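# Examining the three-dimensional arrangement
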Amino acid sequence: MTAAPVVPTSEAAIALPDHVRVAFGVKDVVPRPVVWAGQRAWHCGDVLLRPVADNAVAAWSAGVLDSLEVEAVRLARPVRSSDGRWVVAGWAGSRNLAGSSEPRHDDVISASLRLHAATSTVLRPRLLDDRDDLLSRSAAAAFGERRLVLDPGTGGELFEQLAAHRRPVRLSPQVVHGELFGAVLFDVDGVPAVLDLVPFWRPAEWAAAVVAVDAVAWGGADEGLLDRWSHLDEWPQALLRAVLYRLALHAQHPDASARSLPGLERASGLVAARL
């Protein structure tokens, strides 16, 4: 079972280069285009091939996932090309894992905590040093490390209102996956699977809070989700930084509009009530 319907084969034939199939040893396998956890990918037997946005991040992620062990979480083990590379011409490969996207928000948060218990000893990657993209800028703004000029109509005004409630926290940064909402699949037994890592150097509690905020904003989660994890350290402030992160990201995104803001407005209100 895949996370989304199969897309036309003709699209795969155009988009998936033959030399990439050769490099990953699946040249004789007919590729089956799918959407895996929100990402366009191609099943080639037991190998999943997907285009990556950042070669350095994809190679780093593969290097970590190659040997990482996480309790009760399946990891899509990366596949090397015939010459030993993790990434070939902007494409990465991993072992195909069965699963589907389900609104199991508490289980995603639980998987997040187990994943980050395992990544707590991973060294901070140097590729984060000069990172300057929407995600990193938004996280820095959420933690008060960077001042951004945000569009008031697409989240900037709400960001400024909530940022006034930010208080110092004593949470330790580590390597975390900051974009887990919608990126975790569950098999028939309910065991979660993670495809890759989107690295941030932030507290594990913040990464869990991002999942919670996303779930109440866009996933139809009940507001009790925010309370069920209140035993986590500095949870109200972690939630605040999570919703600030999403607001900053939304206000900078080229496709954002006032029409796409209501979910975040709901999440913001629920978080504000818990500060």
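In what follows, the structure referred to is the one given above.
Let us look at the structure shown here. (Residues numbered from 1 in each chain as written. Predicted model: local features only at pLDDT ≥ 70, side-chain atom pairs only at ≥ 80, totals over all residues. Heavy atoms only, no water.)

Turning our attention to unusual backbone geometry. Most of the time, phi is negative for any residue but glycine, and the peptide bond is trans. Within the chain, Ala72 stands out as a residue other than glycine whose phi angle is a positive 60°. Counting through the fold element by element, Ala72 comes out in the loop between α3 (55-65) and β4 (74-75). Residue Ala72 is classed as partly exposed on the basis of its relative accessible area of 47%. The phi torsion at Ala89 lies on the positive side, around 50°, for a residue other than glycine. Turning to its location among the elements, Ala89 is positioned in the loop between β6 (87-88) and β7 (91-95). (Helix = DSSP H or I, 4+ residues; strand = E, 2+ residues; numbered from the N terminus. Buried < 20%, exposed > 50% of the residue type's maximum accessible area, 1.4 Å probe, protein only.)

Another point: the sheet that holds strand β10 (residues 192-194). Sheet strands pair by backbone hydrogen bonding; their relative direction is either parallel or antiparallel. Pairing in this open sheet of three strands is mixed, and the strands run β4-β10-β9 from one edge to the other. Each having just a single partner strand, β4 and β9 (184-186) make up the two edges of the open sheet. Of the pairings in the sheet, the one linking β9 to β10 comprises three bridges and is antiparallel in character. Its bridge partner lying in β10, Phe186 is registered against Pro192. (Pairing = 2+ DSSP bridges.)

With that settled, the discussion passes to the packing of aromatic side chains. For the structure shown, the criterion picks out five aromatic pairs. For the pair Phe200 and Tyr245, a centre-to-centre distance of 5.9 Å together with 85° between the ring planes defines the contact as edge-to-face. Here Phe200, found in strand β11 (residues 199-202), pairs with Tyr245, found in helix α9 (residues 235-252); they are 45 residues apart in sequence, far enough to count as distant. Comparing Phe200 with Tyr245 shows no difference in burial state: the two are buried. Members of the aromatic cluster, joined through ring pairs, are Phe143, Phe200, Trp206 and Tyr245. For Arg80, the ring lying beneath its charged end belongs to Trp86, and the centroid distance is 3.9 Å. Its end group placed over the ring of Phe143, Arg202 keeps NZ or CZ at 4.4 Å from the ring centre. (Phe/Tyr/Trp six-rings, centres within 6.5 Å; stacked < 30°, edge-to-face > 60°. Lys NZ or Arg CZ within 6 Å of the ring centre and 35° of its normal.)

In this section: the packing of helix α5 (residues 134-142) against α9. Remark: α5 packs on α9, axes separated minimally by 8 Å, with the N-to-C direction vectors making an angle of 135°. Considered as vectors, α5 and α9 are oriented oblique to each other. Along this stretch, α5 crosses α9, giving a crossing that reads as right-handed. Of the residues in α9, those in contact with Leu134, Leu135, Arg137, Ser138, Ala139, Ala141 and Ala142 of α5 are Arg241, Leu244, Tyr245, Ala248, Leu249 and Gln252. (Axes fitted to C-alpha atoms, helices over the stretch in contact; angles between N-to-C directions. Parallel < 35°, antiparallel > 145°, perpendicular 65-115°, else oblique. Left-handed = near helix turned anticlockwise from the far one by under 90°. Contact = heavy atoms within 4.5 Å.)

Where helix α7 (residues 204-218) contacts α9, the two axes come as close as 8 Å, and the packing angle between them is 60°. Our classification of the angle between α7 and α9 gives oblique. Between α7 and α9 lies a crossing whose hand is right-handed. Residues Glu205, Trp206, Ala208, Ala209, Val210, Ala212, Val213, Asp214 and Trp218 of α7 form the contact with α9, whose participating residues are Trp235, Ala238, Leu239, Arg241, Ala242, Val243, Tyr245 and Arg246. For the contact of α7 with α9, a count of residues per class yields 13 nonpolar, no polar and four charged. (Nonpolar A, V, L, I, M, F, W, Y, C, P; charged D, E, K, R; others polar.)

With that settled, consider the side chain of Arg241. Looking at the element boundaries, Arg241 is found in helix α9. Of the side chains bearing the opposite charge, Glu234 lies closest to the buried Arg241, which forms no salt bridge; the N-O distance is 7.2 Å. Ignoring sequence-local partners within four residues, the contact set of Arg241 consists of Ala142, Phe143, Arg166, Arg167, Pro168, Val169 and Trp206. (Lys, Arg positive; Asp, Glu negative; His and termini not counted. Salt bridge = Lys/Arg side-chain N within 4 Å of Asp/Glu carboxyl O.)

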